[in-house]
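Per-entry structural report
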Amino acid sequence: MENGSNGAPPPSIVNGGTSSAYGDQPSDFSRVLEALQAIYDPRSSNDTRRHASEFLEQAKQQPNAPSNGFTLALDTSKPPQLRHYGLSMLEHSIKYRWDEYTDAQAEELRNYVIQLAQNVAEADPLYLRNKVGQLWTEIAKRSWAAEWLDMDQQLVQLWQTSLHHQSIVLYVLETLSEEIFNREDAIAGLRGNELGRACVEIFTPAAVIVDALPKRETATEVRSGDEGWLKRLCGNLDWCLQNNYENDERVRTSAVKSMNTLRAAMPWVLPKALAAVQLVEHVCKALAVPVPQLQQASIEVLHAIYTRPQHLRLGDEEFVQLVCPMYTPGSVRLLSEVYNWTLSGMNINDLDEQKYTLCKKLSELAADLGNYIEQKPQLIPDGSDISGMFKLLFDILQNPSLVVSIPILHCWTKLLRSRLVRDSEAVSSMVGGLLEICCTRLMRYEAFPEDSEDPTYLFLYEDIDTIPERHAFLGNYRRFCADIVDVLVRRTPIDALHHILGQASSLFQNLYNDLPPFEPRNFSKHSTSVLRVDAQVTVIDAALKGYLKWLDIQGINRDPRQDERDRNLLEDSFERWCRQLLQAKFEDPEISKKVIQLMSTFSTKALPDRPEFARVLLEYILDMKQREDAAFPLYSDAVKDLERVCSLEMQKLAMMFADDFMSVYDALQRKMDELVASQATDERQRMAFSAFLFIIVHRTTALHHDVQASRLKTMLNQVTEAWANPDFTQSLSSFDSFCNLLGMARLPEFLGNQNFHQVADWSAQPLNDEGQAMQADILARSQSLPLRLTKTLLAASIEKLRDDSSAYRLAAMLWKEALPAILPNILQLVSHAQAFNNIDDHWSKLPPELQQVIRRLLTDRFWQAGISTESRDDFFARVSGSKSTYEGFASTVRGTIRQIRESSYYILYSLTRFQEIFYDLPGLPEPLSDALFRDAHSLSAHHLSVLLSVSTHIIEGCPYRLRAQFLPRVIAGLFKELDKKISAEWEMIICKIAEAGEDDNLTDEMKTESILRQLTYSSVSLVSQLLDFHRPEMEPGHDNSPPKLETMPWFILHNSSMLEPIVLFCASIIRVHDTRSVSVVVRVLRSIIPQFREKSPIHDFFCINIFKSAITSLHEPYFVDCQKDLATLIAAIIDMDDAIPREILLTLPGMGDANRVDKRLVRLKSVKQSDERLRRSIVLELLSSVRGVSIHEQGKIERAKPKKKTAFEEQYMNVDQPAATIVRGTSPALAGVADMFAES
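Identification of the chain as ARM repeat-containing protein from Delitschia confertaspora ATCC 74209 is taken from an unreviewed UniProt entry. In its Sequence similarities (unreviewed entry) section, the UniProt entry covering the chain states "Belongs to the exportin family." The chain has a UniProt comment under Function (unreviewed entry) that states "tRNA nucleus export receptor which facilitates tRNA translocation across the nuclear pore complex. Involved in pre-tRNA splicing, probably by affecting the interaction of pre-tRNA with splicing endonuclease."

Once that is clear, we can look at the overall build of the chain. Helix and strand content of the chain: 61 helices and zero strands. Within the chain, the proportion of its 1240 residues that are buried is 55%. Surface summary for the chain: the accessible area is close to 53500 Å², and the carbon and sulfur share equals 49%.

Inspection of every chain in the model, using the stated rule, returns 42 aromatic pairs. Between Tyr445 and Phe448 the ring centres are 5.1 Å apart and the planes differ by 40°, which places this aromatic pair in the tilted class. One exposure class covers both Tyr445 and Phe448, and it is buried. Among the aromatic residues, those joined into a cluster by ring pairs are Tyr547, Trp550, Phe574, Trp577 and Phe602. Above the ring of Tyr906, the side-chain terminus of Lys791 is found at 5.8 Å from the ring centroid.

In terms of nonpolar packing, the biggest core is built from 392 residues, with Trp412 and Phe473 touching the most fellow members. In terms of residues, this core owes the most to one element, helix α42 (residues 806–835), which gives 18 residues. Setting aside residues no more than four positions away along its own chain, Trp412 makes contact with Phe390, Leu393, Phe394, Leu397, Val427, Met430, Leu434 and Ile484. Listed in part, the 14 residues of the second largest apolar core include Val32, Phe55, Leu56 and Ala65.

Here we take up the side chain of Lys594. Within the secondary structure, Lys594 is located in helix α30 (residues 589–606). If sequence neighbours within four positions are ignored, Lys594 has contacts with Val530, Val533, Asp534 and Val537.

This next bit is on the state of the cysteines. Taken as a whole, this structure holds zero disulfides when the rule is applied. We note that Cys439 lacks a disulfide partner, and the nearest cysteine sulfur, in Cys438, lies 7.0 Å from it. Cys439 gets classed as buried once you look at its relative accessible area, which sits at 8%.

Once that is clear, we can look at the pattern of salt bridges. Here the structure, examined in full by the defined rule, presents 78 salt bridges. Measuring nitrogen to oxygen at the nearest pair gives 2.7 Å for the salt bridge that ties Asp641 to Arg644. Within this pair, Asp641 and its partner Arg644 are both found in helix α32 (residues 633–656), separated by three residues, close to a single helical turn. Take Asp641: its relative accessible area is 18%, and that puts it in the buried class. Looking at Arg644, the relative accessible area reads 41%, which means it is partly exposed. Residue Arg969 is joined to Glu926 by a salt bridge in which the shortest nitrogen-to-oxygen separation is 3.8 Å. You can see Arg969 sitting in helix α50 (residues 963–995) and its partner Glu926 sitting in helix α48 (residues 925–933), a full 43 residues away along the chain. Taken together, the shared-partner salt bridges in this structure form one network comprising Arg444, Glu446, Arg478, Lys525, Asp534, Glu590, Lys593, Lys594, Asp641 and Arg644.

With that out of the way, let us pick up the packing of helix α55 (residues 1097–1114) against helix α56 (residues 1123–1136). The interhelical angle for the contact between α55 and α56, taken along N-to-C directions, is 150°, at an axis separation of 10 Å. On the basis of the axis angle, α55 is roughly antiparallel to α56. The way α55 lies across α56 gives a crossing that is left-handed. Seen from α55, the contacting residues are His1099, Phe1102, Cys1103, Ile1106, Phe1107, Ala1110, Ile1111, Ser1113 and Leu1114; seen from α56, they are Gln1123, Leu1126, Ala1127, Leu1129, Ile1130, Ile1133, Ile1134 and Met1136. Considering only residue class, the contact of α55 with α56 consists of 14 nonpolar, three polar and no charged.

In this section: helix α59 (residues 1172–1182). Taking burial as the measure, the 11 residues of α59 include nine buried ones, the bulk of the element. Within the sequence span of α59, burial applies to Leu1174, Arg1175, Arg1176, Ser1177, Ile1178, Val1179, Leu1180, Glu1181 and Leu1182.

What follows deals with the confidence of the model for the chain. Looking at the chain, the pLDDT average stands at 88 and 90% of residues meet or exceed 70. Within the chain, the lowest mean pLDDT, 37, falls on helix α60 (residues 1191–1198), and the highest, 97, falls on helix α7 (residues 151–159). A low-confidence stretch, residues 1–26 stays under pLDDT 50, and its non-local contacts, those more than four residues away or across chains, total 64 contacts. Taken together, the stretch residues 1217–1240 has pLDDT below 50 and engages in 57 contacts with residues farther than four places along the chain or on a different chain.

Glancing now at helix α12 (residues 229–241). Taking 1.5 Å as the rise per residue, α12 with 13 residues should run 18 Å; its terminal C-alpha atoms sit 18 Å apart, in good agreement. Listed as buried for α12 are Trp229, Leu230, Arg232, Leu233, Cys234, Asn236, Leu237, Asp238, Cys240 and Leu241.

Here Ile839 shows up in helix α43 (residues 839–842). For the pair Ile839 and Gln852, spaced 13 residues apart in the sequence, the C-alpha separation amounts to 9.2 Å. Beyond its immediate chain neighbours, meaning those up to four positions away, Ile839 contacts Ser844, Gln851, Ile854, Arg855 and Leu858.

Two elements in contact, α42 and α48, have axes separated by 7 Å at closest approach and are oriented at 25°. Considering their axes alone, α42 and α48 lie roughly parallel with respect to each other. Considering how the two elements wind past one another, α42 and α48 form a crossing that is left-handed. Taking contact as the criterion, the partners of Leu827, Val830, Ser831 and Gln834 in α42 are, on α48, Pro927, Leu928, Ala931, Leu932 and Phe933. Looking at side-chain class alone, the contact of α42 with α48 contains seven nonpolar, two polar and no charged residues.

Attention now goes to the environment of Ala984. Position of Ala984 among the secondary structure elements: in helix α50. Residue classification places Ala984 among the partly exposed positions, given a relative accessible area of 44%.

Another aspect to go through is unusual backbone geometry. With phi around 60°, Asn244 is a residue other than glycine that occupies positive phi space. Take Asn244: it is sitting in the loop between α12 and α13 (249–265). With a phi angle near 50°, Gln915 is a residue other than glycine that sits in the positive phi range. Assessed through its relative accessible area of 7%, Gln915 is described here as buried.

Turning our eyes to something else, we now look at the environment of Tyr906. With respect to the element layout, Tyr906 can be found in helix α46 (residues 886–912). C-alpha separation for the pair Tyr906 and Ala795, spaced 111 residues apart in sequence, amounts to 9.4 Å. When near neighbours in sequence (up to four residues on either side) are disregarded, Tyr906 contacts Lys791 and Ala795.

Conventions adopted
- Residues numbered from 1 in each chain as written.
- Predicted model: local features only at pLDDT ≥ 70, side-chain atom pairs only at ≥ 80, totals over all residues.
- Heavy atoms only, no water.
- UniProt positions renumbered as here; feature names shortened; annotations may be inferred.
- Helix = DSSP H or I, 4+ residues; strand = E, 2+ residues; numbered from the N terminus.
- Buried < 20%, exposed > 50% of the residue type's maximum accessible area, 1.4 Å probe, protein only.
- Areas by Shrake-Rupley, 256 points an atom, 1.4 Å probe, with all protein chains shown as cover.
- Phe/Tyr/Trp six-rings, centres within 6.5 Å; stacked < 30°, edge-to-face > 60°.
- Lys NZ or Arg CZ within 6 Å of the ring centre and 35° of its normal.
- Core = buried A, V, L, I, M, F, W, Y, C linked by side-chain atoms within 4.5 Å.
- Contact = heavy atoms within 4.5 Å.
- Disulfide = S-S within 2.5 Å.
- Salt bridge = Lys/Arg side-chain N within 4 Å of Asp/Glu carboxyl O.
- Axes fitted to C-alpha atoms, helices over the stretch in contact; angles between N-to-C directions.
- Parallel < 35°, antiparallel > 145°, perpendicular 65-115°, else oblique.
- Left-handed = near helix turned anticlockwise from the far one by under 90°.
- Nonpolar A, V, L, I, M, F, W, Y, C, P; charged D, E, K, R; others polar.
- pLDDT = per-residue confidence, 0-100.
- Expected span 1.5 Å × (residues − 1).

Below is the structure:
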C-alpha cells in the first residue's frame, strides 16, 4: 500500500465532475439511470449508446466515484441495474486506483464493501449479492493479512446472520481458494505466499495446524476461533441435510455452495485437516440423498480430493484415512446404488440430463478409486469390499455411453498391469467379459451412417459436438481397448487368443448373413461388413502385440520348456487359422486389403520362422483377380489402393524372407514377367514388382558379395541412364522446356480457347475430345519421368535397414555412383515444379482473366474434418465423378505438378540417409537451397507444409561435422520463406474475416486457416527442436554425440546468418492468431535470452522489437490464453537491459508515472528467476491499465472465446491441431493497441 504520494483526496469528501450531455456532474443519479436505460433500450441509436457509455465510464474515473458508487449500491429504493452500476464504480476504484489511495482511504473503501455485505437482503437479485462478494474478494487480495487482519472475524459474523449472508461468505471463500491457489490471478500472485498462509490458517482446525505446522509464522493472527472453515462448512452441510432440503431451495442451494467451496479448497488444504473433520463421511451423506444437484456437488468434492496436484498427492497414511473409507461395503453399496439409479434416466431418446451428468461424474470418481487400488493395493484394510468395487467398475464399463465408460476403461488398463489385481479371483472371473467388451467397442463409430439407431453412436453424437474432438476421443477409446486386449493376451495367451481367433472365424464365415451380397456398384469404404472386419482385425493386431510381448519374457520366472511348447502350439494355431482364412476370396477390395495386411503381420511378426506360409501368402497376393471398373469410380479407387497395399506387403515379406525367396527367385521372376506382360498390370505395379525383386537380391545373404553388387547395379542402371539422358537434361534447361516436357506448353492457349474463364462451375462442364486427349498426354508424359522408379528402388534400398548393416553399406556404394546423374536434374525438377505456382514470374504476361484461371487451376480441392459441409465419402465421390470435366482437367494439371514436386522431395530425403555421401557433395547447399526455397512463397500453405517436412529431415540428418558447410544456406533460405509466407497468409486471412458480412460463406477461409495453423505450428516446432538445449543429439550409425559447443543450438546461436532469420521469424509469430504456436515461440525465445545479455544487434532486437510485439499481443483480446507465456517473456526481456525496456514502457498510454514503473521494475529484478508466477504477476499488474481496461478483463469483455476444456476433455478429447474457429465480421480492435508504439 502506498501512502498517498499523489495526494488523492479521500473518496468520501471529494465532489465535482465534468460537463456532459447527461448532466453537469456524473453524481447526478437520475442521469446515470437514464444513461443505463439508453444503453439497454433496443430503440437507442448507436450515437446515443456511445455517449451514454462515455458518460458512465467518465463517472467511474471521477475522484468521488467510490462514495457515489457506495451510495447508489446501498440504496434499496434504486433499480437493481443502477445499484449494480454503483458496485461497478467501486470495482473500478479498487482495481485501477488502489495504489493511489492512502491507508485511510483504502480503509474507508474496505468499510464500504463490508457495509454492503452486511446489508444484503434476501430480495436482492443474486447478481448483486455476487458482485458484493466479488468486491470483498478484490479487496482481500490486496490487503488481507496485511492491513486487513480481522477479515475472518467479519466473515464469521456474516456467516451467523442468515442464509443469504452465508452465500456471500461462501462466494468469498470459494473465489479466494480459486484465485490464490488454482488460477493464475495476477493480483493474488503478487501476494501469493501471504494469502496462501492466511487461507491455510482460517480453513484448518486450530489443533490440526498446530500439530502439522508447529514452526509456522504466528506473528500475524488472521483466524477467528478454533473451528476453521472446513469444520464450519461440514457442519453447515449436515444442517442443510437435516432441514427440509427437499422443499426449500435456499437450503438446497446453501448445501451445494458449501460443497463447491470445499471442492475449491481440496487441491491445497492439509489432508490431516480433512481426516480430522471427517470430510469424506460428511460428503457421502450428501451423495446418499436422491437429489442430483447435491449428489453431483458431493462427487466433485471427492474427485477433487483424489486428483490433487502431483506434489500434493495423498501419502500412505492419508490414503488409509481418506480413500479407504470409500472401499467399505457400505460405501461401495452406496456408489452402486447411485449408479443404478442414474441408469433409469439413460434412455437416449428421452434422456434425463441431470441423471446422465451425474452418471458421468460418478464414473470419473469410480475411476479415481480404481486407480488408487492399482497404486496402493497392499494398504487397503481387511474387510474392504474390493470385489464389489471391481464389479462396479465392470458394470460402468458396459454403459452404452462411451463418455461414461472411458474413465473406467482407462482405469482397467492400469489395474490389469498390477499382478496383485490381475491374479485376484474377482478379476480373473471378468477376463472373458473384458475381452468381449473391448472387441465390441473397437468399432469405428465415427464411420456409422448418420441415420444409425445404435445407442452408443447416438450417445457419442449427444456428448461430443465437433468431428475432430469425436475422432480424438474415439482414437483414445480404441487405444485403451487395444491395451486391455494386449495385457490379457500376455496374461493368458493360449486362452485369450483361442477366444479371439474363434470369434474372428465366426465373423468371416458369416460376414454377409444379415446383409446383401457385395456388388461393386454398392461399394463403400465404411459399409457394415467393412466396419465389422476392421474392428476384428484391430482386435487381432492388439492380441499379436500382446503375444510378441509374451515372447519377450519367455523363460523369466517360468519353465522355459513349457513356454517353448506353448509357443509352438500357438504358432501351429496361427498358421492353421491363417491358411484357413486364405481359402476365402473376398470381393470387397477394402476387406481384401485388411485381410492381406493382417496376414502379412502374422507372417512377418508371429511366424518369422515359417517361410512356407510366407510363400503361400505371396502366391495369394499375386493371384488376386480384382480389377478396376471405370463404371464405379469409388470401387476402382479402392482396387488401386488394394494394389498399393499388396505391393507394400510383398516388400515386407521380401525383407523378412529374402533368403527363402532367393531360393525360388527365378520362378518369382517368371511369374512377375507374366503379370507384367498382361494388359491388366500398369506402370505402378510393374515398378512394385521391380522393387520386390530388388529387395530379395539386396537383402539376401545367399549370394556372394560381388555377384550381389553386380546384379543390383544392373537393376539400378535403368535409373541412372534415365536421369543421365541428354534429351531429358535438355528438357529441364528452362521453365518453358519443362512445360513442353509435360505436354503443357499450350496450356494457356488451351485454357483461353476453351473459355475456362467464363465457366463458373468447372465440375459441371464436360471436357471435349481435345481436352481429354491433352489430359491423357499430360498423365502419360508425367508417368514416363524416372521419378517413380527412383523412389521405389530408393525405398527398397533403405527401408528398415540399420546404418551399420552390410546391406546399407552396399546400397550406399551403389547410389553414390548414381548421384552425379540424379542430383542436378532432380534439383531442376523441384525448381520448375515450384516455379509453376509463381504467377508473377511465369504467368504475368497472360491476360488478367487467364492469370485468374491459372490461380484457380492451381487451387487444391480438399476436405477438412469439422469444416467441410459434406462427408468425406461424398467429397471423394464428387472428385472421382468429375475426372472428365474442366475440374478434372485442372486436377490433372495441378496433381501432376504436385506429384513431381513431392516425389522429388522424397528422393532428396531418401538420399540424405546416405549421410556423408550426400552432405559432403561439393557445392550442393547453394543449388539445393535455391531449388527448394526460391519460389516456396508461391506454394499454398498445405504444399509448403510438405516442403517444411522434407526440409526438417534434411536439416536434422546433417552430420555435425558437416553442419558448417551445409546448413547455413538451407536454414536461412527456409526461415526467410516461412516468415514471408506465414506472415502474409495470416494478414490476408484476418483481413478477409474482418471484412466478411454476416451472410458470407467462410468455409474456404476456415479450411485455409486450419491448414495455416498446422503450417505455423510445424514451423515453430522446428524452431523449438533446433534451439532445444536439452535435446539429446545422436548421429545415425554412431554411438557418440557431438561436443556441447557443436550441438545444433550452439551452432545456430553462434552463426548470425542462420540466427537472424530464425529470430525474425519468431518475432513475426508472436503476432499471429494461433495461441499454441505463440506459446511455443515464447518459450523458445525465453530459453535463448541468457545468451544475449551483452550489447549486440540481437540484444537490441529483443529489447525493442520482440518486447513491443509481446506487449502488443498481451493487450489483444485474442491472446488472452497466452498471457502467462507473454508476461514471462516480457519479464525476461526486462531482466536483459536496464534502460531500453523502461523507456518503451514509459511511452505506453497510462504508463507515464515513472515512479510507479520504477517501483515495479525494482521489485521484478529482486524476484528469483524460479518464481515465475510472481514475476508474471508483477508484469501483468504493471501493464494492467492500458486505456483503463485490465489485460485480464479484455478477454472477458471483448472476446467470444470457446469455453475452457474440462480436465476430462483435455485427457480424452484433446485434438493435436484444433479446427479453425472463425467469428464473422469482427477483428481484434482495442483502442490504442495498434498505435501503442507510434512514433511522435
